[in-house]
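What the coordinates show
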Number of protein chains: 2
Amino acid sequence: MTISIIGTGNVAYHLGKRIIEKGFTVKQVIGRNSEKVAWLAQQLQTEGCIEWEQISAHSDLYIIAVSDDAIPSVSRKLSLTLQDKLVVHTSGSITSTALQPFFNHFGTFYPLQTFSLKSQPDFENLPIFINANSKESLEQLRLLGQSITSKIYELSDDKRIVLHIAAVFVNNFTNHLFKIGQDILKKEQIPFDVLKPLIHETIRKIEYHTPESMQTGPAKRRDISTIEKHLAYLHDNTRQSFQNDDQNSHNTELYYEIYQLLTKSIIEN
Amino acid sequence: MTISIIGTGNVAYHLGKRIIEKGFTVKQVIGRNSEKVAWLAQQLQTEGCIEWEQISAHSDLYIIAVSDDAIPSVSRKLSLTLQDKLVVHTSGSITSTALQPFFNHFGTFYPLQTFSLKSQPDFENLPIFINANSKESLEQLRLLGQSITSKIYELSDDKRIVLHIAAVFVNNFTNHLFKIGQDILKKEQIPFDVLKPLIHETIRKIEYHTPESMQTGPAKRRDISTIEKHLAYLHDNTRQSFQNDDQNSHNTELYYEIYQLLTKSIIEN
C-alpha cells in the first residue's frame, strides 16, 4: 500500500513516521509551505509536492492531516486529480461526509492522541478510529490501522465527534489545569516538579478504578472552610501580587472562577 | 523513635504502613470509631486506643491525621495529656499554629499525595513538607521524613496552603475532568479505556516540558467552529437524552459551563 500525506503538522509527522516504520511507502508529502514540505519529505524519505498539479495519482490512500478549517479547500483542490481515489482525513470533529462532495471513496482515520514534535507517542497502544463509505475502503483503512496499532476501532462520525469532546476534557483541559498549578506555585517560588508525583498518582489510580470512586479533596469532602480559604486566596492574594501585570491579573481571576465551578460540579455530582 | 497516630483514614493508614515498614514503632492508633481503630491497629501491628484517658504519653511524636474540621477538638483532648510532647498534623490547609494553643512543641508533616485505600502510593518519590516551632522539633520531623521518602522539604504554613491549592487543581480537578470524559462517552456506549493512552501521553509530555508549551486542542488553535460544535453538543444533545434524569441533566449543564470557562482561560492565557 502506498500512501500520500497532505499536511506537514504534528499528526502528519508522527503518523507518517509510523507508516514508514511499518514498511509502507509514503509516496508524497503535499503542502503549501515549501520549507515544511521539504523538511517532512526528508523525515519520511520521500518527495515533497507544493503544486496541486504535480500531485501523484498513483497512491492507494491519501491522508489529509491539515487543520479542520482547511479540509474543504484542500479537498476541492485534491478532487481535481483524485476524485476516484480513497481519501481520508484525521480530524475528530469533522464528519467523513465533508469529503463526499469531492471524492467517491472517503472516510476518516482518527488517531486519538495529542501529538507534539517534542514527544514521541506510544503507537502500540494508540487507538485509531476509522470509518468509510464502503466496506472495501473500510477494510483498506483497517489493514493500515492494524499494522500501526493494536487498537483499531470502527466508529461513526457522530460518535467520533463526541469522543473528541471527551478527549478535550481529559487532555486539553487537564493540561491547562497543570499550567494553572504551575502558575500558582511560581508566585511562591515553589518548583512545579513537586506536583509531579501527585499527578502521576492521579493517573495511576484510574488504571483500575473509576475516576468517580477515586475522587478526593475539599469539594468531595464538602470541606467548606478549606474551599473558602482557597477561593479567598485566589481572589485577593494573587490579584494583589500581580497588580502591575494585567495579563496575569486576568489569569488569576479566571482561576478563581475555575476553582468555583469545578468545586460546584464535584459537589453536585 | 516511637510514634502515635491519631486518626484512622487513608493518610493514617498509608503513613502508618510506611512508618513501620521503615523500622519505626507505632505505639498506638487513636480514634473514636472502635472498629476502625481495631482494624488499623491490626494493620500496623500495634494497640488501638478509643479512650482519651488511655492515650500513652510515651511516644516521641504524635501525628494527627484527621479531617481538618476535627483538628481543634482532637487537639484540645490530646493536650490534656500531651501538652509537652511534639504533636504535628498532616493537613495542607491548616496552619501549624492551629496547634499552638494546645501544645508547646508542634509542627506539620504534610505528604503531598492523594491517598486511597485501593491504591498503594509510591513513597520513594512522595514529597513531604514539614515545619515546626523549634529547630529541635524540625530536625526530629526531618529524621522521620528522610527515612520514608527522598523528598523532604521545609515549607512555611503560608506556602503550604498555596501548594495545597495547586494540588487541588492538578489532582482533584483533573480527576473530575476524567469523570466528565467518562460520562460523555457513557452516553455513546464508548468505554472510558479508549481515553487512557491519551491521558498517559498528557502526563508524559509534562515530564520534560512545561504544560504551557504542551497545550494543544481547539482552544489553543482558536478553532471557533469546533468549539461551537462541542458547546452545542454539550448544551442540547446531552440534556435532551437525559431529560428523564434530573441528576444527569444537571451535570451536563455544568459540563457546558466548564467547557466554556476552561476554553476561555486557554484562549486568554
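See the structure above.
Below is a short write-up of the structure. (Residues numbered from 1 in each chain as written. Chains lettered and ligands numbered in written order. Predicted model: local features only at pLDDT ≥ 70, side-chain atom pairs only at ≥ 80, totals over all residues. Heavy atoms only, no water.)

Attention now moves to the packing of aromatic side chains. Residues and elements named next belong to chain A. For the structure on display, the rule yields 16 aromatic pairs over all chains. Look at Y110 and F129: their rings are 6.4 Å apart centre to centre, the planes differ by 40°, and that puts the pair in the tilted class. Here Y110, found in strand 6 (residues 105–111), pairs with F129, found in strand 7 (residues 128–132); they are 19 residues apart in sequence, far enough to count as distant. Like F129, Y110 is buried. An aromatic cluster of at least three residues, connected via ring pairs, comprises Y110, F129 and Y153. (Phe/Tyr/Trp six-rings, centres within 6.5 Å; stacked < 30°, edge-to-face > 60°. Helix = DSSP H or I, 4+ residues; strand = E, 2+ residues; numbered from the N terminus. Buried < 20%, exposed > 50% of the residue type's maximum accessible area, 1.4 Å probe, protein only.)

On to the pairing of strand 2 (residues 25–30) of chain B, then. Residue and element names in this part refer to chain B. Bridge analysis of strand 1 (residues 2–6) against strand 2 gives 5 bridges, and the strand direction is parallel. When the bridges of strand 2 are listed, I6 appears paired with I30. At this point the chain moves from strand 1, through helix 1 (residues 10–21), to the parallel strand 2, and the crossover so formed is right-handed. Relative to strand 3 (residues 47–49), strand 2 runs parallel, the two being bridged by 3 bridges. Its bridge partner lying in strand 3, I30 is registered against C49. (Pairing = 2+ DSSP bridges. Right-handed = clockwise from strand over helix to strand, strands pointing away.)

Now for the nonpolar core. Core analysis: the biggest nonpolar cluster contains 76 residues, and L163, F169 and L195 of chain A together with L163, F169 and L195 of chain B have the highest contact counts within it. At the level of elements, helix 5 (157–187), helix 6 (196–205), helix 7 (224–241) and helix 8 (246–268) of chain A together with helix 5 (157–187), helix 6 (196–205), helix 7 (224–241) and helix 8 (246–268) of chain B are the ones that each hand at least two residues to this core. If sequence neighbours within four positions are ignored, L195 of chain A has contacts with G181 and L185 of chain A together with L112, L163, A166, A167 and V170 of chain B. (Core = buried A, V, L, I, M, F, W, Y, C linked by side-chain atoms within 4.5 Å. Contact = heavy atoms within 4.5 Å.)

The next point concerns the relation of the copies chain A and chain B. Aligned on chain B, chain A shows an RMSD of 0.0 Å; the corresponding rotation is 180° and the shift along the axis is 0.0 Å. Read as a symmetry element, the transformation amounts to a two-fold axis. In terms of C-alpha distance to the rotation axis, chain A has T174 of chain A as its closest residue, with the C-alpha 2.8 Å off the axis. Mapped onto chain B, 100% of the interface residues of chain A are again interface residues, and the two copies thus contact each other with one and the same surface. (Least-squares fit on C-alpha atoms with pLDDT ≥ 70 in both.)

That is the geometry; function is a separate question.
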